[in-house]
Amino acid sequence: MRIDVVTLFPGLVRECVSVGVVGRAQKRGLLQIYTWNPRDYTHDPHRTVDATSYGGGPGMVMMIEPLRAALTAVREAAPEPAHVVYLSPQGVRLTQDKVVALTALPRITLLCGRYEGVDERLLARAVDEEVSIGDYVLSGGELAAAVVIDAVGRLQEGALNDARSAREDSFSDGLLDCPHYAKPVHDAWGSVPDVLLSGDHAAIARWRRQQALGRTWLRRPDLLARQDLDAESQALLAVFRDAHAQAGKGEN
Ligand code: SAM
């Protein structure tokens, strides 16, 4: 997959995506990331990319021309059509489903805003969709772009050493992930649940499913409400809820 990032701070994006799974995906040739600086598409000595906002008020606005030229260069750099995403607090919320949808595309272009944002006319004509990473305002789109690249990059086939990791992660099947434990078995802060040491794979799978259901019930009832649980899952959840109530933790 190819990802082009239009940004005033290419180093920031590159640094964020150079390590771990996503760094490895690039080294394995699974993901190509290119950065494009709109300043390289200016024609004045100050390499100006922003101007004051018509109507007045604080803050600068990213001008059309340098971004249009940068996006044209991006489009012409490869034959595949690029789906252009503007990172914006006003966009659709990034979810795992959205990440999966972006991962299915051969190529995406991420446009990072700064200042008050981007001239609306550029957004109307050159952007396919706006994506937000949450209901808060960042000072620029670079960290949001890095979030998208990380989430999309780890889903590239061959990026994770074991593809099961992604399948079992939170949200992949609509539930939160189960708890995980590592060495030692016994610690001053508690012991590993016996079932995980039993070697009984069916029992372990049942326990994990039950924990995932229970956690989702406790922490994200909104996700659970969207699930059409089969009889076995309902029974597992009922046992979890009973145990939770008996432990004196009360109803969710
Ligand atoms: N004036 C804009 C508004 O209120 O909608 C916010 C501009 S913000 C200071 C500068 C840039 O940061 C935006 O153009 C956008 O690219 C990025 N940004 C800020 N918050 C974001 C978020 N929650 N998700 C994605 N990008 C964000």
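Quantities reported herein were computed from a predicted structural model and do not represent experimental measurements.

Conventions we followed
Residues numbered from 1 in each chain as written. Predicted model: local features only at pLDDT ≥ 70, side-chain atom pairs only at ≥ 80, totals over all residues. Heavy atoms only, no water. Helix = DSSP H or I, 4+ residues; strand = E, 2+ residues; numbered from the N terminus. Rg over C-alpha atoms; globule rule 2.2 N^0.38 Å. Buried < 20%, exposed > 50% of the residue type's maximum accessible area, 1.4 Å probe, protein only. Contact = heavy atoms within 4.5 Å. 1 Å grid on protein atoms, 1.4 Å probe; cavity = no way out; pocket = protein on both sides within 12 Å on 5 of 7 lines; lining within 4 Å. Points joined across faces, edges and corners; volume = space filled by probe spheres on them. Nonpolar A, V, L, I, M, F, W, Y, C, P; charged D, E, K, R; others polar. Phe/Tyr/Trp six-rings, centres within 6.5 Å; stacked < 30°, edge-to-face > 60°. Lys NZ or Arg CZ within 6 Å of the ring centre and 35° of its normal. Arc of directions from axis to C-beta. Near = heavy atom within 4 Å. Polar contact = N/O pair within 3.5 Å; in protein donor to acceptor, adjacent residues only side chain to side chain. Sits in = over half its atoms within 2 Å of the grid points. Pairing = 2+ DSSP bridges. Axes fitted to C-alpha atoms, helices over the stretch in contact; angles between N-to-C directions. Patch = residues over 30% accessible without salt bridge, like charges linked within 9 Å, V, L, I, M, F, W, Y side chains within 5 Å. Areas by Shrake-Rupley, 256 points an atom, 1.4 Å probe, with all protein chains shown as cover. Salt bridge = Lys/Arg side-chain N within 4 Å of Asp/Glu carboxyl O.

**Topic: the overall build of the protein**
Consideration 1: Scanning the protein from terminus to terminus reveals 10 helices and nine strands.
Consideration 2: Against the 2.2 N^0.38 benchmark of 18 Å for 252 residues, the protein shows a C-alpha radius of gyration of 23 Å, more extended than a compact globule.
Consideration 3: A buried classification covers 40% of the 252 residues belonging to the protein.
Consideration 4: Partitioning the intrachain contacts of the protein with sequence separation of at least 6 by distance along the chain shows that 75% fall at a separation of at least 24.

**Things to note about the layout of surface pockets**
Consideration 1: Counted as a void, the largest pocket has a volume near 460 Å³.
Consideration 2: Every residue lining the largest pocket is counted, 27 residues in all, and those nearest its centre are Tyr-86, Ser-88, Pro-89, Glu-116 and Gly-117.
Consideration 3: Sorting the residues of the lining of the largest pocket by element identifies β5 (83–93), α5 (120–126) and β7 (129–132) as the ones contributing at least two each.
Consideration 4: No other element matches the five residues that β5 contributes to the lining of the largest pocket.
Consideration 5: Each residue belonging to the lining of the largest pocket can be placed in one class, and the counts come to 13 nonpolar, nine polar and five charged.

**Section: the packing of aromatic side chains**
Consideration 1: Applying the stated criterion across every chain, the model contains one aromatic pair.
Consideration 2: Judged by centre distance (6.2 Å) and plane angle (85 degrees), the ring pair of Trp-217 and Phe-240 falls under edge-to-face. Remark: Phe-240 occurs in helix α10 (residues 231–246) and Trp-217 occurs in helix α8 (residues 201–219); sequence separation between them is 23 residues. Neither Trp-217 nor Phe-240 differs from the other in exposure class; each is buried.
Consideration 3: Its end group placed over the ring of Tyr-34, Arg-2 keeps NZ or CZ at 4.0 Å from the ring centre.

**Looking at helix α2 (residues 20–27)**
Consideration 1: All of the buried residues in α2 are Val-22, Gly-23 and Ala-25. One side of α2 holds all its buried residues, which, seen down the axis, span an arc of 155 degrees. α2 presents Gly-20 and Lys-27 as exposed residues on the side facing more than 90 degrees away from its buried surface.
Consideration 2: Where α2 terminates, the next one or two residues include Gly-29, which has phi positive at roughly 80 degrees.

**So, the site of the ligand**
Consideration 1: Close contacts around the ligand come from 20 residues, with Tyr-86, Leu-87, Gln-90, Tyr-136 and Leu-138 the closest.
Consideration 2: Within the backbone of Tyr-136, an N or O atom sits 2.8 Å from a nitrogen atom of the ligand.
Consideration 3: Separating a nitrogen atom of the ligand from a backbone N or O atom of Leu-138 is a distance of 2.9 Å.
Consideration 4: Because more than half of its atoms lie within 2 Å of the grid, the ligand is assigned to the largest pocket.
Consideration 5: Elements with a contribution of two residues or more to the shell around the ligand: β5 and β7.

**Some points on the sheet that holds strand β1 (residues 2–6)**
Consideration 1: The strand order β2-β1-β6-β5-β7 describes an open sheet built from five strands, whose pairing is parallel. Both edges of this open sheet fall to β2 (32–36) and β7, since each of them pairs with a single strand only. Direction aside, neighbouring strands of the sheet carry axes that sit 35 degrees apart on average.
Consideration 2: Seen against the sheet, helix α6 (residues 142–153) touches β1, β2, β5 and β6 (107–112) and runs at an angle of roughly 160 degrees to β6.

**A look at a nonpolar patch on the surface**
Consideration 1: A cluster of nonpolar side chains, contributed by Phe-9, Leu-12, Tyr-136, Leu-138 and Leu-143, occupies part of the molecular surface with about 440 Å² of accessible area.
Consideration 2: Of note, Tyr-136 is situated in the loop between β7 and α6.

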